[in-house]
Amino acid sequence: MPTFANPVLAGSHPDPSICRVGEDFYLVTSSFAYYPGLPVFHSRDLVSWRAVGHVVHRPSQVSLTGLDVSDGLWAATIRHHAGTFYVVVTLARGRRGSTTLLYTAADPAGAWSDPITLDAEGIDPSLFFDDDGRCWFTACRDAAHPEVTGPGELWMRELDLQTLALTGPTHSLWYGAMRGAWVEAPHLYKRDGVYYLIAAEGGTEHHHAVTAARSDTVTGPYSTDPRSPLLTHRHRGAAEPVHNVGHVDLVDTPAGETWAVALGVRPLEGTHTLGREVFLVPVEWTPRGPVFAPDTGRVNLSERRPVGTTAVGGGPAQDGPVRYEFRGGALGPEWNSLRGPVDDVVSPGAGEGGLTIRLSPEPLTSTGTPAFIARRQQHVHLCASTRIRFSATAPAQQAGLAVFQNHARYATLGLTVDAAGTPQVVLTAREAAAATRLAAVAVADREVVLAVDSDESGYTFRVDDGTWTTLGSIERSFFSTERAGGFVGVYLGLYGTRDAEADPAEAHVDWFEYAPGRVGPGQDQL
C-alpha cells in the first residue's frame with residue numbers, strides 16, 4: 001500500500017485550515033507576528049504542498065507593530081463559495097482576541113482584499129456555507145456564566161454575503177465536552193442532514209484534544225458526542241513521537257474520502273523546537289459521526305496515501321539542501337520578516353544575485369520591524385550557513401546569522417569589529433533582558449562563512465575565514481517552546497543591527513544554504 005510521511009507541512013505551521021475546489025486543495029496556517037502573514041498552500045494530493053502566496057501581503061491589510069511574536073494573526077479559516085475564497089482570522093493582542101478580520105480573493109494566490117472588520121468577539125473564527133447558500137460564522141469566547149457552563153462558549157451568527165457583515169441573532173452553540181476546559185477552534189460540517197460541530201479542548205499543549213457535538217439544525221441546540229475526545233495523544237507516553245494533537249479541519253477528496261489536517265509537535269526529551277506542524281489523518285464517517293484514524297486511533301508518522309493519489313514528493317520537508325542566491329529581485333514565499341515589510345533595509349539582487357542588508361537601529365528585541373529575514377526550521381538535523389561580506393567600523397555594527405525563537409530568546413552569530421577595529425565574529429545568546437556574549441574570535445578577513453548545525457543535543461556555531469573555527473554550542477531546549485513560551489517554532493535567518501548613534505552601514509550576503517540531514521558545515525564553501 002502506498003504511504004506518505006507525516007507531517008505534511010513541517011516546521012511552524014500551526015492551526016491548519018483547508019478547503020477543496022474541484023481537484024485542488026488550499027490550506028492556510030497561523031503566522032502570528034511574522035510578515036507576510038497567513039501563508040497559502042496548494043496541493044492536488046493532500047501530501048505535497050506548495051506555497052502560492054500569503055493572505056496578508058500589504059501593510060494596509062493589518063498592523064502588527066508592537067505585538068509579541070506569538071500575538072498577531074491567529075487560527076485562520078479558509079473557505080470557498082461561488083467563485084470567492086474567504087479567510088477569516090483573529091488579530092490577537094496580549095494573548096487575547098482583539099479584532100476579527102475577513103479577507104476575500106478570486107484567486108487564493110492573491111491578491112487578497114483589504115479586510116472587513118467583523119462585529120465579533122473571541123478567537124478562532126470559522127465559516128460554514130449551508131446547502132441553502134446561507135453562511136454562518138462561528139467562533140469561541142468567554143462564557144457568560146463559567147461557573148455553570150465552563151470557561152468557553154462556541155457561538156454563531158449569520159454572515160450576510162452581500163454586505164459581509166454579521167447579521168441576525170447570536171446563537172450559543174456549545175460549551176464543550178470537558179466543562180473545566182476552554183473550548184476553541186470550532187468548525188461546522190454537514191453529513192446526511194446532521195450538523196457536526198468539531199472543536200478543540202484541553203489547551204494547545206499535552207492535553208490538546210478533538211471533541212465534537214451534533215445537532216439536527218444549524219443553530220442548535222448541540223449535544224455532546226459522548227465519544228469525545230475523538231482524537232488525542234494526551235493519554236500516550238513520552239515515547240510517542242507526536243504530541244499535542246488537535247485543532248483539526250476536515251475535507252472531502254474527489255474520490256469520496258474524508259481527511260483531517262491537524263496540528264501536532266514532535267518532541268525530543270520533552271521539548272520541541274520546530275513548532276506545531278501539519279499532520280494528515282484519515283477520517284471515516286459512521287452513523288455516530290466522524291472516526292479519526294479508524295485503524296489505529298492515533299496520528300501516525302507513516303500513513304496510507306489518500307485514494308486516487310500518487311507520490312509526487314512531499315513529506316516532512318524537502319530532502320536535499322537548498323541554496324538561496326537571492327536572484328530575481330524578490331524573496332521567495334518561505335522567507336518572513338517581523339511585523340511588516342523590510343524592503344527599505346533588505347534588498348535581494350536582480351541578475352547578479354546576493355542580498356544587501358542595511359543595518360537598522362531597530363534591535364531584534366524590539367516589537368517593531370528590524371532588518372531581519374528568516375525561514376522556518378523544519379528539521380532537527382541540519383546545517384544552515386551563509387557567506388557574508390561586511391566592513392564594520394564600530395562594535396555597535398553587526399550582521400550575520402540568527403537562530404530566532406522570539407524577540408526575548410534567540411542567538412546571533414555576527415560579524416563585527418572589536419574596539420581596535422579588528423574584524424571578529426561574536427556568538428551572543430539573548431534570554432529575556434539579558435544578552436550573554438558566549439564567544440568571540442578574531443577573523444582574518446571581512447568576508448566569512450557563518451554556520452550553525454543542529455541535532456538532538458543542540459545548536460553548534462562555526463565560522464570559516466579560511467579555516468573552520470567552532471565558537472560554541474547552545475543546548476536545544478534553550479530554543480524550545482516549553483522554555484520560551486508562546487506558540488511559534490524556531491526560525492533561521494539573517495540580520496543587521498547597529499546602535500542609533502552608529503554610522504549607517506551595509507552587509508552583503510552572497511548566499512544562504514539550508515541543508516537538512518547535514519550536521520557540520522562543508523569545508524569548501526568559502
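Since the structure is predicted, the reported quantities are computational estimates derived from the model, not experimental observations. (Residues numbered from 1 in each chain as written. Predicted model: local features only at pLDDT ≥ 70, side-chain atom pairs only at ≥ 80, totals over all residues. Heavy atoms only, no water.)

Visitor: Give me the lowdown on empty space enclosed by the protein, citing residues and values where you can.
Guide: Tallying each qualifying case throughout the model produces one cavity of 30 Å³ or more. Each pocket or cavity is described by its volume, and for the largest cavity that value is around 40 Å³. Taken together, Ala75, Ala76, Thr77, Asp124, Pro125, Ala185, Pro186, His187 and His247 form the lining of the largest cavity. Where the lining of the largest cavity is concerned, the elements lending two or more residues are strand E7 (72-81), strand E11 (123-129) and strand E15 (183-191). Residue classes in the lining of the largest cavity are distributed as five nonpolar, three polar and one charged. (1 Å grid on protein atoms, 1.4 Å probe; cavity = no way out; pocket = protein on both sides within 12 Å on 5 of 7 lines; lining within 4 Å. Points joined across faces, edges and corners; volume = space filled by probe spheres on them. Helix = DSSP H or I, 4+ residues; strand = E, 2+ residues; numbered from the N terminus. Nonpolar A, V, L, I, M, F, W, Y, C, P; charged D, E, K, R; others polar.)

Visitor: Just give me the short version of the pattern of salt bridges, but keep the residues and values in it.
Guide: Inspection of every chain in the model, using the stated rule, returns 31 salt bridges. A salt bridge links Arg44 to Asp24; the nearest nitrogen and oxygen atoms lie 2.5 Å apart. Pair noted here: Arg44 is in the loop between strand E5 (37-43) and strand E6 (50-56) and Asp24 is in strand E3 (residues 24-28), with a separation of 20 residues, a long-range link. We classify Asp24 as buried; its relative accessible area is 16%. (Salt bridge = Lys/Arg side-chain N within 4 Å of Asp/Glu carboxyl O. Buried < 20%, exposed > 50% of the residue type's maximum accessible area, 1.4 Å probe, protein only.)

Visitor: Let's hear about the sheet that holds E6: which residues, and what values?
Guide: Two modes of strand pairing occur in sheets, parallel and antiparallel, and in both the strands are linked by backbone hydrogen bonds. Across the sheet, four strands lie side by side as E2-E3-E5-E6; this open sheet has antiparallel pairing. Strands with a single pairing partner mark the edges of an open sheet, and in this sheet they are strand E2 (17-21) and E6. Adjacent strand axes in the sheet meet at a mean angle of 25° when their direction is disregarded. One ladder, built from five bridges, connects E5 with E6; its direction is antiparallel. Its bridge partner lying in E6, Val40 is registered against Gly53. (Pairing = 2+ DSSP bridges. Axes fitted to C-alpha atoms, helices over the stretch in contact; angles between N-to-C directions.)

Visitor: Can you tell me about the nonpolar core, naming the residues and giving the values?
Guide: Across soluble globular proteins, you tend to see nonpolar side chains buried next to one another. In terms of nonpolar packing, the biggest core is built from 46 residues, with Val425, Phe461 and Phe512 touching the most fellow members. Excluding anything up to four places from it in sequence, Phe461 contacts Val403, Ala411, Leu413, Leu427, Ala451, Val452, Thr469, Thr470, Leu471, Gly472 and Ile474. Ile123, Tyr195, Ala374 and Tyr495 belong to the second-largest nonpolar core, a separate cluster that totals 32 residues. (Core = buried A, V, L, I, M, F, W, Y, C linked by side-chain atoms within 4.5 Å. Contact = heavy atoms within 4.5 Å.)

Visitor: Quick rundown of the sheet that holds E7? Include the residues and the values.
Guide: Read across the open sheet, the four strands follow the order E7-E8-E9-E10; overall the sheet is antiparallel. Each edge of the open sheet is held by one strand with a lone partner, namely E7 and strand E10 (116-118). Averaged over all pairs of adjacent strands, the angle between strand axes in this sheet comes to 25°, irrespective of strand direction. Examined bridge by bridge, strand E8 (residues 84-93) and strand E9 (residues 96-105) share nine bridges and lie antiparallel to one another. In the strand pairing of E9, Val87 is matched with Tyr103.

Visitor: Describe the state of the cysteines, naming the residues involved and giving the relevant values.
Guide: Counted by the stated rule, this structure contains zero disulfides. Among the cysteines around Cys135, which has no disulfide bond, Cys19 carries the closest sulfur, lying 13 Å off. (Disulfide = S-S within 2.5 Å.)

Visitor: Any details on the packing of aromatic side chains? Residues and values, ideally.
Guide: Taken as a whole, this structure holds 18 aromatic pairs when the rule is applied. Here the aromatic residues Tyr324, Phe326, Trp335 and Phe512 are joined through ring pairs into a cluster of three or more. The ring of Phe478 has Arg409 sitting right over it, with the charged end atom 4.8 Å from the ring centre. (Phe/Tyr/Trp six-rings, centres within 6.5 Å; stacked < 30°, edge-to-face > 60°. Lys NZ or Arg CZ within 6 Å of the ring centre and 35° of its normal.)

Visitor: Give me the side chain of His379: which residues, what numbers.
Guide: Relative to the helices and strands, His379 resides in the loop between strand E29 (372-376) and strand E30 (382-390). Owing to a relative accessible area of 16%, His379 belongs among the buried residues under this scheme. A polar contact of 2.9 Å, which involves the side chain of His379, links it to the side chain of Tyr514. (Polar contact = N/O pair within 3.5 Å; in protein donor to acceptor, adjacent residues only side chain to side chain.)

Visitor: Quick rundown of the pairing of strand E14 (residues 165-174)? Include the residues and the values.
Guide: By the bridge criterion, six bridges tie strand E13 (residues 152-160) to E14 in an arrangement that is antiparallel. The residue bridging Trp155 from the neighbouring strand is Ser172, located in E14. Counting the residues between successive antiparallel strands, the hairpin from E13 to E14 contains four residues, one of them, Leu164, with a positive phi of roughly 55°.

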